[in-house]
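In case you want the letters, here they are:
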Amino acid sequence: MSLKLLITGSSGFVGSNLSVYLKQLKLYKIVAFKRKEININLTNIDIIIHLAGKAHDLKNISQPKDYYEANYVLSKKLFDAFLVSSANVFIFMSSVKAAADEVADILFEDTEAKPKTHYGMSKRQAELYILSKKIPPGKRVYILRPCMIHGPGNKGNLNLLYQLVNKGLPWPLGRFNNLRSFLSIENLCFVIKELLKNETISSGIYNIADNLPLSTNNLIQIIGQSLGKNPKVLNISTSIVQKIAKLGDSLNLPINTEKLQKLTDNYVVSNEKITAAIDELLPVTSEEGLLRTFKSFDIKNQNSI
């Protein structure tokens, strides 16, 4: 008999990929969730995977209340309904940004949370509400903190780097050495599958990231590999680049201090807790996952010609 599984945000990038992944297992019957319903009905639902929410707005046009209504209020209502329902598993998709916008060393689950954006603060508020409640016997609750998720069909912030290499333009930041964690959609789906099937995994917060962090220079090389090109990398002095970036703040240049920071800062996320819980490393390596993502960009470009 199939377990009934409710996925909120099932039409989004993560939700659509997860739905396909879980359907292939033939263990679950996925139930649609209508976000506009006043009363949340969890009758006969066994598992809830809460993905719906408002993502970080890169254009900064969203109002603060939009984040709290989508990421906190809805999560609170859904979790309250779960506590009194017959469902036994609740998975909340939070974010590493609920803990930190900048990481000096390595981000662990017990790192003191200091979110700075309304996106991160609203996710953290939902986390704190969930953690404040006593979990009834027989129920399991997981708060997942993924880092930047990528996969076929989702360009996101990686598209700018891809277009630069695809057009044969030089990468000017070769002298910057940084490390960032990424998360392939395949590994995220795998983790969720393991959490669903393994009842011995304790409730709690889990960071989700690929096994190894990579530098932006690594990304440039992987993009070149996906395109069959040898990327041009310039090793311009970091001090010169930083001075140009400062000029960009006032002269509206393509590069400014904010963009430079996003391209060159460190953001390493530990996945030790989740890999220990499932007792194995994630199946897709960092390079494999990114290569699949970039190859999908190339296929999409060819189909649009």
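Here the structure is a predicted model, which is why all the values come from computation and not from measurement. (Residues numbered from 1 in each chain as written. Predicted model: local features only at pLDDT ≥ 70, side-chain atom pairs only at ≥ 80, totals over all residues. Heavy atoms only, no water.)

Let us look at the pairing of strand β2 (residues 28-31). Judged from the four bridges that link them, strand β1 (residues 3-8) and β2 form a sheet pairing that is parallel. Its bridge partner lying in β2, L5 is registered against I30. (Pairing = 2+ DSSP bridges. Helix = DSSP H or I, 4+ residues; strand = E, 2+ residues; numbered from the N terminus.)

For the rest of this paragraph, the subject is unusual backbone geometry. Of note, the phi angle at N252 is positive, near 55°, even though the residue is not glycine. Tracing the backbone through its elements, the reader meets N252 in the loop between α7 (238-251) and α8 (257-264). Given a relative accessible area of 71%, N252 falls into the exposed group. Backbone geometry places D279, a non-glycine residue, at a positive phi of 65°. (Buried < 20%, exposed > 50% of the residue type's maximum accessible area, 1.4 Å probe, protein only.)

Our focus in this paragraph is the nonpolar core. I49, I91, L144, L188, I192 and L196 are the most contacted members of the largest nonpolar core, which has 39 residues in total. Among the elements of the structure, β1, α1 (13-25), β3 (47-50), β4 (89-93), β5 (140-146), α5 (185-197), β8 (204-208) and α9 (272-278) are those that each provide at least two residues to this core. The element contributing the most residues to this core is α5, with eight residues. Residues contacting L188, with those up to four places away along its chain left out, are V14, M93, I149, L183 and I208. (Core = buried A, V, L, I, M, F, W, Y, C linked by side-chain atoms within 4.5 Å. Contact = heavy atoms within 4.5 Å.)

Turning to the sheet that holds β4, a few remarks are in order. Strand order across the open sheet formed by six strands is β2-β1-β3-β4-β5-β8, with parallel pairing between neighbours. Across the chains shown, the open sheet's two edge strands, defined by having one partner strand only, are β2 and β8. Adjacent strand axes in the sheet meet at a mean angle of 20°, parallel and antiparallel pairs treated alike. In this structure, β4 lies alongside β5, joined through five bridges in parallel fashion. Along β5, the bridge assignment pairs F92 with I143. (Axes fitted to C-alpha atoms, helices over the stretch in contact; angles between N-to-C directions.)

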